[in-house]
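# Examining the three-dimensional arrangement
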Amino acid sequence: MDRIFSGIQPTGDLHLGNYLGALRNWVALQHKYECIYCMVDMHAITVWQDPKELAASTREVTAGLIAAGLDPDHNVLFNQSAVPAHAELAWVFNCVARLGWLNRMTQFKEKAGKNKENASVGLYAYPNLMAADILVYKATHVPVGEDQKQHLELTRDIAQKFNNDYNQNFFPLTEPLIFGEATRVMSLRDGNNKMSKSDPSENSRINMTDGLDDISRKIRKAKTDPEPLPGDRKALESRPEAANLIDIYAALSDQSTADVCSKFEGAQFSSFKEELTELAISVLGPVGEEMARLVKDPGYLDSVLRTGAERAKAIANPILDDVYDIVGFLRP
Ligand code: TYM
């Protein structure tokens, strides 16, 4: 049976990249598949997190998922550390994955930066835990933004090696689902860098909790170039900031980039930005408001996470039991 799993780190604010690259697609998939969505707090601590902020952020991201339109009764929503099977399977995968595979992971290189020796072991083994997140449910499809593609290839390698090593056809070879017009939303300040929570410039991203004034200021200040908008998306290849704004407009309005280009052909950025601001406010405003409302009710959010964790355990534990049998672990 087809089963969806995806995860999000509860660190910092949810931003437009998370929304367009992941959350909106999760919402679109919720009635087509059995869906399991996870706040990956164990991944979060691979870099330092203030404990109080991590707890608050886990509730806030849960609120964001619900505000974006995920039905907590229909989907399984929970935080990773509440289901120990993730960490247990990750250990088995630490013994399946090869050092050479992890050495090729570009996200580790980016996140560890120049001071690799000082990065946590957890940051290095991060992709093994991610593979465990997915495979402990035998998930068949994983909706993500483009930046996660390499991690999903590693997940397939781990599944394949486990199956080969133990001569079993046990884990599925999970497919990434990367779709929509904004699979890689770029920074508003630099069209060659991904929009990210860790960018020190607040103006580089639109947060889901931004008010109307912040959204309009950030779009007004977004870097562009002096040329008018072209009628063809291909002409934007050497204009990354312009391309990014067009992609964002297309994704937010559920149109193709080709349609957006023909609509705005010859327009100046000043008028395009006004329309983009209006659109962004109309789509994000209600989500941000609902998020703010839900965050005021931590008891409700905790009950969603508690129920989700119980449902997640009911799926994961029997799969982990089978893995332990396959590996030869006694449970006397
Ligand atoms: P995270 O928390 O960085 O991001 C959550 C989701 O948002 C997408 N995303 C973006 N999409 C488009 N443009 C952007 N600028 C952008 N920034 C973020 C990400 O692709 C992701 O889908 N390693 C994962 C979390 C994770 C996970 C998993 C995901 C842990 N276990 C298992 C899938 C399956 C991460 O750090 O996502």
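Residues numbered from 1 in each chain as written. Predicted model: local features only at pLDDT ≥ 70, side-chain atom pairs only at ≥ 80, totals over all residues. Heavy atoms only, no water.

### Concerning the packing of aromatic side chains
This model, assessed by the stated rule, comprises 14 aromatic pairs. Note on phenylalanine 108 and tyrosine 124: the rings are 5.2 Å apart at their centroids and 80° apart in plane angle, and the pair reads as edge-to-face. A residue pair is termed long-range when its members are at least 10 positions apart, and phenylalanine 108 in helix H6 (residues 106-112) and tyrosine 124 in helix H7 (residues 121-135) qualify at 16 residues. The exposure class of phenylalanine 108 is buried, given its relative accessible area of 12%. Geometrically, the ring pair formed by phenylalanine 264 and phenylalanine 272 is edge-to-face, given 4.8 Å between the ring centres and 85° between the ring planes. (Phe/Tyr/Trp six-rings, centres within 6.5 Å; stacked < 30°, edge-to-face > 60°. Helix = DSSP H or I, 4+ residues; strand = E, 2+ residues; numbered from the N terminus. Buried < 20%, exposed > 50% of the residue type's maximum accessible area, 1.4 Å probe, protein only.)

### What about the domain arrangement of the protein?
Under the domain assignment, the protein is made up of domain 1 (3-182 + 297-327) and domain 2 (202-293). The C-alpha-based centres of domain 1 and domain 2 are spaced at 29 Å. Between domain 1 and domain 2, the contact holds 15 residues from the first and 20 residues from the second. Across the domain 1/domain 2 interface, buried area totals approximately 1,500 Å², and carbon plus sulfur atoms make up 68% of it. The tally of links from domain 1 across to domain 2 stands at one salt bridge. (Domains from an automatic or database assignment. Contact = heavy atoms within 4.5 Å. Buried area = accessible area lost by both parts, 1.4 Å probe. Salt bridge = Lys/Arg side-chain N within 4 Å of Asp/Glu carboxyl O.)

### Some details on the site of the ligand
In the vicinity of the ligand lie 27 residues, with Tyr126, Asp133, Gly145, Asp147 and Val185 positioned nearest. Between glutamine 9 and the ligand, the recorded distance is 2.8 Å, taken from a backbone N or O atom to an oxygen atom. Where the shell around the ligand is concerned, the elements lending two or more residues are strand E1 (3-8), helix H1 (16-29) and H7. (Near = heavy atom within 4 Å. Polar contact = N/O pair within 3.5 Å; in protein donor to acceptor, adjacent residues only side chain to side chain.)

### Some words on the side chain of histidine 43
Looking at the element boundaries, histidine 43 is found in helix H2 (residues 41-44). Residue histidine 43 is classed as buried on the basis of its relative accessible area of 2%. Polar contacts involving the side chain of histidine 43 include one to the side chain of glutamine 80, which spans 3.2 Å.

### Regarding the pattern of salt bridges
What the rule picks out here adds up to 18 salt bridges. In this structure, aspartate 165 and lysine 161 form a salt bridge, with 2.8 Å as the shortest nitrogen-oxygen distance. Here aspartate 165 and its partner lysine 161 are both found in helix H8 (residues 149-165), four residues apart, which amounts to about one turn of the helix. Of the charged contacts, one joins arginine 205 and glutamate 202 as a salt bridge, the two residues approaching to 3.1 Å between their closest N and O atoms.

### Notes on the nonpolar core
Judged by nonpolar contacts, the single largest core of 59 residues is most densely connected at Tyr19, Leu65, Leu252, Phe272 and Leu284. The greatest single-element share of this core, amounting to ten residues, is contributed by helix H12 (residues 269-295). Split by domain, the residues of this core number at least three in each of domain 1 (3-182 + 297-327) and domain 2 (202-293). If we ignore the near neighbours within four places in the chain, the residues touching phenylalanine 272 are Leu229, Leu245, Ile246, Tyr249, Val260 and Phe264. Leu123, Ala312, Ile315 and Leu320 belong to the second largest nonpolar core, which has 47 residues in total. (Core = buried A, V, L, I, M, F, W, Y, C linked by side-chain atoms within 4.5 Å.)

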